[in-house]
Amino acid sequence: MSKLKGKSLVSITDYSKDDILRILDTAEEFEANQRQNILNGYVIASLFFEPSTRTRLSFESAVQYLGGSIIGFASADTSSVKKGETLKDTILTVSNYSDLIIMRNPMDGSARYASEVSPVPIINAGDGANQHPTQCLLDLYSIRKTQSTLDNIDIAMIGDLKYGRTVHSLVQALSLFGAKFHFVSPDSLKMPSSVKTWVKNAGLEYHQYTELTDVIPIADILYMTRIQGERFPDPLEYEKVKNSYILENAMLENSKDNMKVLHPLPRVNEITEDVDDNPKAYYFQQAKNGVYIRQALIATILGLK
Ligand code: CP
């Protein structure tokens, strides 16, 4: 039985390198054999206080492929939060109805708080600009699958490195595998110091750029991100940077043969549609990998794998 049984997943730093590899290996099993009726009789709650397509639906899909039931809401507007109920009361109530709670919330730190008050495990499906650990695991799965290793890759992260929670989690995880980091952003959206300190403390290198074209020839993974308009305190500041980076197919000509373009999605305009047909575009397969990873997480945390 895994030591992850019954444990919440709030930050990717809750997991060791061995824990991460165990989840990736279990996800491979689900990719090979997706329909396994191991969740019969289990109820999973999915509480989304913030919009989502991929994370919410891939979790729901994961539960259904495993034969479990899912309850919850896709918007705070349809729950008693709208009437002023606190997060603590919501979690304590829903924990009476479920074996595991998946939660997305716009407030940084909300998932940690929920895990501290909840009698059932919490999986953080994104808390503000802080962490998105399940996206991180599917990103790692996608990197390992396309590069045949997680070790010593050159990864370029492009766009909103300040508010983009997926890159924060991914840098912390890849620091366990000796990655070389290339951070491309406008000056106002640089990677937070706390994340850069994480890289330094791991004895690794990072380089900062403002031009996307500087990193295309050196990257094994080109990790594009959306500028997160909803997190800007001043909409005028968003207007200044919203079109900073747009990847077009012709720009990939001098990329490495093994290079893949990843994006957590949704995209707005940062990858043009002509990239979609390039074999180096991997973002829709990446989203598909999310189902296997979420099956692995649910099964492991419930002690069924
Ligand atoms: N990648 C991701 O979190 O997408 P959604 O916001 O659609 O869930």
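Cut-offs used in this document
All residue numbers refer to position in the chain's written sequence, counted from 1. Residue-level local features of this predicted model are given only where pLDDT is at least 70; pairs of side-chain atoms are given and counted only at 80 or more, and the full residue set underlies all totals for whole chains, interfaces and linings. Computation of side-chain values covers all heavy atoms of the structure but excludes hydrogens and water. By the convention used here, strands pair only if DSSP detects at least 2 bridges between them. Helix numbers and strand numbers start at the N terminus; a helix is a DSSP run of H or I with at least 4 residues, a strand a run of E with at least 2. Interaxial angle, 0 to 180 degrees, is taken between N-to-C directions of lines fitted to C-alpha atoms, where a helix line uses only the stretch in contact. Working definition: with a 1.4 Å probe on protein chains only, accessible area under 20% of the residue-type maximum means buried, over 50% means exposed, and in between means partly exposed. Residues are treated as being in contact if the distance between any of their heavy atoms lies within 4.5 Å. In protein, a polar contact means a hydrogen-donor-capable atom and an acceptor-capable atom, both N or O and within 3.5 Å, with residues adjacent in sequence counting only if both atoms are side-chain atoms; elsewhere, any N or O pair within 3.5 Å suffices. Throughout, right-handed denotes a crossover for which the path from the first strand over the helix to the second runs clockwise when the strands point away from the viewer. Reported domain spans reflect what an automatic or database domain assignment gives. Summed over both partners, the accessible surface that disappears when two parts come together, traced with a 1.4 Å probe, is what is meant by buried area. One side-chain nitrogen of Lys or Arg within 4 Å of one carboxyl oxygen of Asp or Glu is enough to make a salt bridge. Each residue is assigned to one of three groups, with Ala, Val, Leu, Ile, Met, Phe, Trp, Tyr, Cys and Pro labelled nonpolar, Asp, Glu, Lys and Arg labelled charged, and all others, Gly among them, labelled polar. Helix span, as expected, comes to 1.5 Å for every residue beyond the first. As used here, the arc belongs to the directions running from the helix axis to the C-beta atoms. Roughly parallel means an angle under 35 degrees; roughly antiparallel, over 145; roughly perpendicular, 65 to 115; everything else is oblique. When the near helix sits turned anticlockwise from the far one by under a right angle, the crossing is termed left-handed; a clockwise turn instead gives a right-handed crossing.

Engineer: In this structure, what is going on with the sheet that holds strand β7 (residues 206–209)? I would like to understand it.
Structural biologist: Strand pairing in a sheet takes place through backbone hydrogen bonds and is either antiparallel or parallel in direction. Strand order in the open sheet formed by five strands is β7-β6-β5-β8-β9, with parallel pairing between adjacent strands. Here the strands that pair on one side only, and so sit at the sheet edges, are β7 and β9 (260–262). With direction set aside, neighbouring strand axes in the sheet form an average angle of 20 degrees. Of the strand pairs in this sheet, strand β5 (residues 154–158) and strand β6 (residues 180–184) are connected by five bridges, and their pairing is parallel.

Engineer: In this structure, what is going on with the environment of Ser 255? I would like to understand it.
Structural biologist: Tracing the backbone through its elements, the reader meets Ser 255 in the loop between α8 (235–241) and β9. Of the residues examined, Ser 255 reaches a relative accessible area of 9% and is grouped as buried. Along the backbone, Ser 255 and Asp 154 are 101 residues apart, and their C-alpha atoms lie at a distance of 12 Å. Not counting the four nearest positions on each side in its chain, Ser 255 is found in contact with Ile 216 and Lys 280. Polar contacts involving the side chain of Ser 255 include one to the main-chain carbonyl oxygen of Leu 252, which spans 2.6 Å. Of the polar contacts made by the side chain of Ser 255, one reaches the side chain of Lys 280; its length is 2.8 Å.

Engineer: Quick question: what am I supposed to make of the pairing of β7 here?
Structural biologist: If a strand is regular, its side chains alternate between the two faces of the sheet. Here β6 pairs with β7 via four bridges, running parallel. Bridging across to β7, His 182 finds its partner in His 207. A crossover connection joins β6 to the parallel β7 through helix α7 (residues 193–201); in handedness this β-α-β unit is right-handed.

Engineer: Before we go on, may I ask you to explain the sheet that holds strand β3 (residues 100–105) in this structure?
Structural biologist: Spatially, the four strands line up as an open sheet ordered β2-β1-β3-β4, and their pairing is parallel. With one partner strand each, in any of the chains shown, β2 (69–73) and β4 (122–127) form the two edges of the open sheet. If you compare each strand with its neighbour and ignore which way they point, the axes differ by 15 degrees on average. Here four bridges tie β3 to β4, and the two strands are oriented parallel to one another. Within β4, the position partnered with Asn 105 by the bridge is Asp 127.

Engineer: What am I meant to see in the domain arrangement of the protein chain here?
Structural biologist: Often, the extent of an interface is quoted as the loss of accessible area upon association of its parts. Once the domains are mapped, the protein chain shows domain 1 (12–131 + 289–301) and domain 2 (133–287). Relative placement of domain 1 and domain 2: their C-alpha centres are 24 Å apart. Facing 34 residues of domain 1, the contacting portion of domain 2 comprises 29 residues. Interface of domain 1 and domain 2: buried area, both sides summed, is about 2600 Å²; carbon and sulfur atoms make up 58% of it. The salt bridge partner of Glu 50 is Arg 165, with a shortest N-O separation of 3.2 Å. Summed over the shared surface of domain 1 and domain 2, the number is 19 residue pairs in polar contact (both at pLDDT 80 or more). Of all the secondary structure elements, the ones that give two or more residues to the side of domain 1 that touches domain 2 are α1 (17–32), α2 (54–65), β4 and α9 (283–301). Take the side of domain 1 that touches domain 2: its biggest share by element is nine residues, from α1. Taken together, the residues that form the side of domain 1 that touches domain 2 break down as 15 nonpolar, ten polar and nine charged.

Engineer: Sorry, what's going on with α1 here?
Structural biologist: Since one α-helical turn is 3.6 residues long, residues separated by three or four positions face the same way. Here α1 spans 23 Å end to end across 16 residues, near enough to the 22 Å set by a 1.5 Å rise per residue. Inspection of α1 places Asp 19, Ile 20, Ile 23, Leu 24, Thr 26, Ala 27 and Phe 30 among the buried residues, and these make up the whole buried set. On an axial view of α1, the arc spanned by its buried residues comes to 165 degrees, and they lie on one face. In α1, those exposed residues whose orientation departs by more than 90 degrees from the buried face are Asp 18 and Ala 32. In this structure, the buried residues of α1 make contact with α5 (133–147), α6 (165–174) and α9.

Engineer: For this particular structure, what's the right way to read the packing of α2 against α9?
Structural biologist: Helix-helix packing is described using two parameters, namely the angle between the two axes and the distance between the axes. It is the contact of α2 with α9, at a shortest axis distance of 8 Å, that shows an interaxial angle of 55 degrees. Considered as vectors, α2 and α9 are oriented oblique to each other. Crossing hand, α2 versus α9: right-handed. Touching Arg 54, Thr 55, Ser 58, Phe 59, Ser 61, Ala 62, Val 63 and Tyr 65 of α2 are Ala 287, Gly 290, Val 291, Arg 294, Gln 295 and Ile 298, all from α9. Split by residue class, the contact of α2 with α9 holds seven nonpolar, five polar and two charged.

Engineer: Just to check I follow, could you spell out α6 for this structure?
Structural biologist: Buried residues dominate α6, accounting for ten of its ten residues. If you check which residues of α6 are buried, you get Arg 165, Thr 166, Val 167, His 168, Ser 169, Leu 170, Val 171, Gln 172, Ala 173 and Leu 174.

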